[in-house]
Amino acid sequence: MSAVVVAMFAMLAAGAYLALSRDLLRCVVGLSLLGMGVNLLLLASGRLGATAPPLVEAGALQLPAQAANPLPQALVLTAIVIGFALTCFALVLVLAVRLRVGLRDSDALRLSEPGEGPDGKPLPLDAPP
Amino acid sequence: MSAPGTATALLAIAPVLVPLATALVAALCARRPGLARAVSLAGALAHVGVALAVLAAVARHGSVRVVPGAWPAAVGIEFVVDPLGAVMIATTALVGLACLVFMASDADPPPASGLLHALVHGLLAGASGAFATADLFNLYVWFEVMLLAALGLLALGGSRRQLDATFKYFVLNVLGTLLLLAAIAALYGLTGHLNFAALREAGAGVGGDVLAPALVLAGVALLVKSGGFPVFAWLPASYHTLPAPVLALFAAVLTKAGAFALLRLYGDVFVPPAALLEALGWVAVATMVAGVLGAAYHWDMRRILAVHIVSQIGYMLLAIALQGPDATVGAVFFLVHNMVVKANLFLIAAIAFRLAGSYDLRRIGGLWRAHPVLALLFLLQALSLVGLPPLSGFWAKFIVLRETLAQGHVAWAVAGFAVSLLTLYSMAKIWLAAFWKPHPVKGWTTPGPTRLGPAWAVAWGLAGLSLAMGLFPQVLVDALAPTAASLAGGR
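Calculation rules
Residues numbered from 1 in each chain as written. Chains lettered and ligands numbered in written order. Predicted model: local features only at pLDDT ≥ 70, side-chain atom pairs only at ≥ 80, totals over all residues. Heavy atoms only, no water. Helix = DSSP H or I, 4+ residues; strand = E, 2+ residues; numbered from the N terminus. Rg over C-alpha atoms; globule rule 2.2 N^0.38 Å. Buried < 20%, exposed > 50% of the residue type's maximum accessible area, 1.4 Å probe, protein only. Contact = heavy atoms within 4.5 Å. Areas by Shrake-Rupley, 256 points an atom, 1.4 Å probe, with all protein chains shown as cover. Lys, Arg positive; Asp, Glu negative; His and termini not counted. Charge placed at Lys NZ, Arg CZ, Asp CG, Glu CD. Core = buried A, V, L, I, M, F, W, Y, C linked by side-chain atoms within 4.5 Å. Axes fitted to C-alpha atoms, helices over the stretch in contact; angles between N-to-C directions. Parallel < 35°, antiparallel > 145°, perpendicular 65-115°, else oblique. Left-handed = near helix turned anticlockwise from the far one by under 90°. Nonpolar A, V, L, I, M, F, W, Y, C, P; charged D, E, K, R; others polar. Buried area = accessible area lost by both parts, 1.4 Å probe. Salt bridge = Lys/Arg side-chain N within 4 Å of Asp/Glu carboxyl O. Polar contact = N/O pair within 3.5 Å; in protein donor to acceptor, adjacent residues only side chain to side chain. Patch = residues over 30% accessible without salt bridge, like charges linked within 9 Å, V, L, I, M, F, W, Y side chains within 5 Å. Phe/Tyr/Trp six-rings, centres within 6.5 Å; stacked < 30°, edge-to-face > 60°. Expected span 1.5 Å × (residues − 1).

**Student:** Is there a simple way to think about the overall build of chain B in this case?
**Tutor:** The helix and strand inventory of chain B stands at 20 helices and two strands. The C-alpha atoms of chain B give 21 Å as radius of gyration, which agrees with the globular expectation for 491 residues (23 Å, within 12%). Summarising its shape, the C-alpha atoms of chain B cover approximately 70 × 55 × 40 Å along the three principal directions. In chain B, which comprises 491 residues, the share counted as buried stands at 65%. Expressed as a percentage of contacts within chain B between residues at least 6 apart in sequence, the contacts between residues at least 24 apart total 81%. Carbon together with sulfur atoms contributes 72% to the accessible area of chain B, which is approximately 15800 Å² in total. The positive charge centre, built from 26 side chains, and the negative charge centre, built from 16, are 16 Å apart in chain B.

Written out as structure tokens, the structure reads:
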């Protein structure tokens, strides 16, 4: 149990550190790691420790008492798949930003907000950046 | 109330299945844009039909429910559509159809991509699922479906500005869903359940104080999703880069799904401690004020209206924080009103953009002379947003603020009135600049041939809907009141 807690906090800490990075790719990897940390939390929420396969004996109506909880495993599998899809999308997005915008620094990503004109009012959005 | 039969029970999941199937077929026709559009429109019509059938069934039976696979309710993934959810689903379907019809006009059309329609229906499926599900983890899945579809729609245009916006939207919304997932894990760990009905019972046994940290986590996650203070930064950073019909759909559906989920969790499934609700009330006030002040800075119609979404979300959060039957009715009334009016304002702005040539208020004008009908239509919807009687926004704000005063929160009510006045300022700014003042270009005339027929039809249709809500508010209130009174928040 404590090993899972340590692993979870290590994942969350590494993820938060990377997600705060200004490098777009590191940021995506960080979010992905954060997701894995949360997945561990989800897995642990169903109580760890019991490891017997969750199979109902023939004739019985309930799982044996020492059976593992199968539900968090189903949940975490769903979360992993969704997280994987999001990470794939984000990696392609970072690549597209790098190729088309030529940026890898998130601080320089200011295209959608054109900034202030000399009169203190926002610049018009019409002209393509 | 008679027990619904199997066919009626299936209606609970039909508003999810129809757009999912449409998305699949539309994706298969991605290479043939004409066919994809036809499939998409047919699917949207079917979605509206199914949503209205659900509304009718719910009016007869009180609510429809189904557990796919015939599992016992607490084990399987249950879908329950009660009157609150049915009204939200019907509004979502109607606005979805409106936005798809609007795409046939040439007012700020989305890029001609084969995947556009599949993504739009993916978004509608995600939203309908979030309104229909009665399972906490399933709720997370529908939010992810919405997020993926929204990301696709944002990135579809592929311009540098849109890619920039997509990245910001991605980072902040993924943080939101991770928080939601963590909250779900915590709630499951504390109660051992995911089904709403089972959670209601188990949550009452565990007690609100024990659940409070997990509820705070869920609240913050849904504040991200609904665009609440101080975690709304993704919204003003991304919305204005979308083409108008998609923007209207985003404005109508995404933030509202977040607010509705918060209403479900705080007002129905769990009973949060009073201090948490008090905090949510102040967050709501901060959301209102931040949104309306942020909007005042902008000169682009899309940006003014987009930042105003945040401000309006504040009223819905306030209604959620108040709890009780009247506040719940007010929250859903506000949601429905705002989905229709906000979407329509974006669509009317797109017509103005097509006619006057820009979204920037400093570069347009003269539309009152050229198109007085458009000016009146905008005024009708803008004043509804402000909350003038007898328009739909008046009743929405009236119900919420009356309940605020009845519960003795004078400061919150004063903030609500003040924000209404500031909303009037922003709307007057758009109206005076886009419609009243002469066009800055000398000798400007409206462009010759335009294809605005579908756009006009949609704008009038939505305006009619909002006007009907304003003239006959009791119909909606009566439909919602019995359910609102039976929720946990009504205790």
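**Student:** Looking at this structure, I do not really get the overall build of chain A. What am I missing?
**Tutor:** Of the regular secondary structure elements, chain A holds three helices and zero strands. Over its C-alpha trace chain A gives a radius of gyration of 22 Å, far above what one expects of a compact globule, namely 14 Å for 129 residues. Among the 129 residues that make up chain A, the fraction classed as buried is 33%. Counting 8 positive and 8 negative side-chain charges, chain A places the averaged centre of each group 6 Å from the other.

**Student:** Sorry, what's going on with unusual backbone geometry here?
**Tutor:** Excluding glycine, a negative phi dihedral is what most residues carry, and trans is how most peptide bonds are arranged. Residues and elements named next belong to chain B. The residue after phenylalanine 229, namely proline 230, is reached through a cis peptide bond having omega -5°. Cis peptide bonds are those with omega within 30 degrees of zero, and the linkage from proline 389 to proline 390 qualifies with 0°. Positive phi is not limited to glycine here, since glutamine 323 has a value of about 60°. By secondary structure assignment, the location of glutamine 323 is in the loop between α13 (301-322) and α14 (325-356). Residue glutamine 323 is classed as buried on the basis of its relative accessible area, which comes to 11%.

**Student:** Just to check I follow, could you spell out the nonpolar core for this structure?
**Tutor:** One broad trend across soluble globular proteins is that nonpolar side chains are buried collectively. Residues and elements named next belong to chain B. Counting residues in hydrophobic clusters, the biggest one holds 215 residues, and the most contacted among them are Tyr239 and Phe250. A per-element tally of this core places α14 first, with 22 residues. When residues no more than four places from it in sequence are discounted, the contact partners of tyrosine 239 are Tyr169, Trp234, Leu247, Phe250, Ala251, Leu254, Thr255, Ala306 and Ile309. Residues Ala26, Cys29, Val39 and Ala118 belong to the second largest nonpolar core, which totals five residues.

**Student:** Mind showing me how you'd approach the packing of α13(B) against helix α17 (residues 392-406) of chain B here?
**Tutor:** Think of two packed helices as two axes; the pair is described by the angle between the axes and how far apart they sit. Residue and element names in this part refer to chain B. Between α13 and α17, whose axes approach to 10 Å, the crossing angle comes to 40°. In terms of axis orientation, α13 runs oblique to α17. Seen along the crossing, α13 lies across α17 with a hand that is left-handed. For the pair α13 and α17, contact is made by Tyr315, Leu318, Ala319 and Leu322 and by Lys397, Val400, Leu401, Glu403 and Thr404, respectively. Per-class residue counts for the contact of α13 with α17 are six nonpolar, one polar and two charged.

**Student:** Even after reading the chapter, I still don't get the interface of chain B and chain A, so can you show me in this structure?
**Tutor:** By a widespread convention, an interface's size corresponds to the accessible area lost as its parts come together. In this assembly, 43 residues from chain B lie in contact with 46 residues from chain A. On the chain B side of the contact with chain A, B:Arg160, B:Arg161 and B:Phe167 bury the most area, a combined 19% of that side's loss. Where chain B meets chain A, there are two salt bridges. A salt bridge links B:Lys168 to A:Glu113; its shortest N-O distance comes to 3.7 Å. Across the contact surface, chain B and chain A share 13 residue pairs in polar contact (both at pLDDT 80 or more). For the side of chain B that touches chain A, the secondary structure elements donating two or more residues are α6 (136-155), α7 (160-191) and α13 of chain B.

**Student:** Mind showing me how you'd approach a nonpolar patch on the surface here?
**Tutor:** Residues B:Val289, B:Leu293, B:Leu422 and B:Tyr425 make up a contiguous nonpolar surface patch of roughly 340 Å² in combined accessible area. Within the residue set of the nonpolar patch, elements represented by two or more residues are α12 (274-297) and α18 (410-436) of chain B.

**Student:** How should the packing of aromatic side chains be read in this particular structure?
**Tutor:** Aromatic rings in a pair are described by how distant their centres are and how their planes are angled relative to each other. All names here are of chain B. Summed over all chains, the structure comprises 18 aromatic pairs over all chains. For the ring pair phenylalanine 137 and tyrosine 140, a centre distance of 5.3 Å and an interplane angle of 45° mean the geometry is tilted. Here phenylalanine 137 and its partner tyrosine 140 are both found in helix α6, three residues apart, which amounts to about one turn of the helix. Each member of the pair phenylalanine 137 and tyrosine 140 is classed as buried. Following the ring pairs from residue to residue traces out a cluster consisting of Trp368, Phe378, Trp431, Phe435 and Trp436.

**Student:** Would you mind showing me how to read the side chain of B:Gln381 here?
**Tutor:** Residue and element names in this part refer to chain B. Looking at where glutamine 381 falls in the secondary structure, it is placed in helix α16 (residues 372-386). By relative accessible area, which is 0% here, glutamine 381 ends up buried. A polar contact is formed between the side chain of glutamine 381 and the side chain of serine 466, at a distance of 3.2 Å. Sequence-distant contacts of glutamine 381, defined by excluding residues within four places in its chain, comprise Val341, Asn344, Leu345, Ile348, Leu462, Ala463 and Ser466.

**Student:** Would you explain the side chain of B:Lys342 in this entry?
**Tutor:** Residue and element names in this part refer to chain B. Looking at the element boundaries, lysine 342 is found in helix α14. Of the side chains with opposite charge, aspartate 300 comes closest to the buried, unpaired lysine 342, at an N-O distance of 12 Å. Residue contacts for lysine 342: discarding those within four places in its chain leaves Ala251, Leu305, His308, Ile309 and Leu385.

**Student:** Just checking my understanding: could you explain the pattern of salt bridges for this structure?
**Tutor:** Charged atoms that come close allow side chains of opposite charge to pair. Tallying each qualifying case throughout the model produces twelve salt bridges over all chains. A salt bridge links B:Arg303 to A:Glu113; the nearest nitrogen and oxygen atoms lie 3.5 Å apart. One end of the pair, B:Arg303, is in helix α13; the other, A:Glu113, is in the segment after α3 (70-101), on a second chain. According to the relative accessible area criterion, A:Glu113 is partly exposed, its value standing at 32%. Linked by salt bridges that have partners in common, A:Glu113, B:Asp164, B:Lys168 and B:Arg303 make up one network.

**Student:** What is the right way to read helix α4 (residues 83-102) of chain B from this model?
**Tutor:** Side chains that are three or four residues apart share a direction in an α-helix, a result of its 3.6 residues per turn. For α4(B), which comprises 20 residues, the first-to-last C-alpha distance of 28 Å matches the rise-based estimate of 28 Å (1.5 Å per residue) to within 8%. Burial of α4(B) is extensive: 18 of the 20 residues sit out of reach of the surface.

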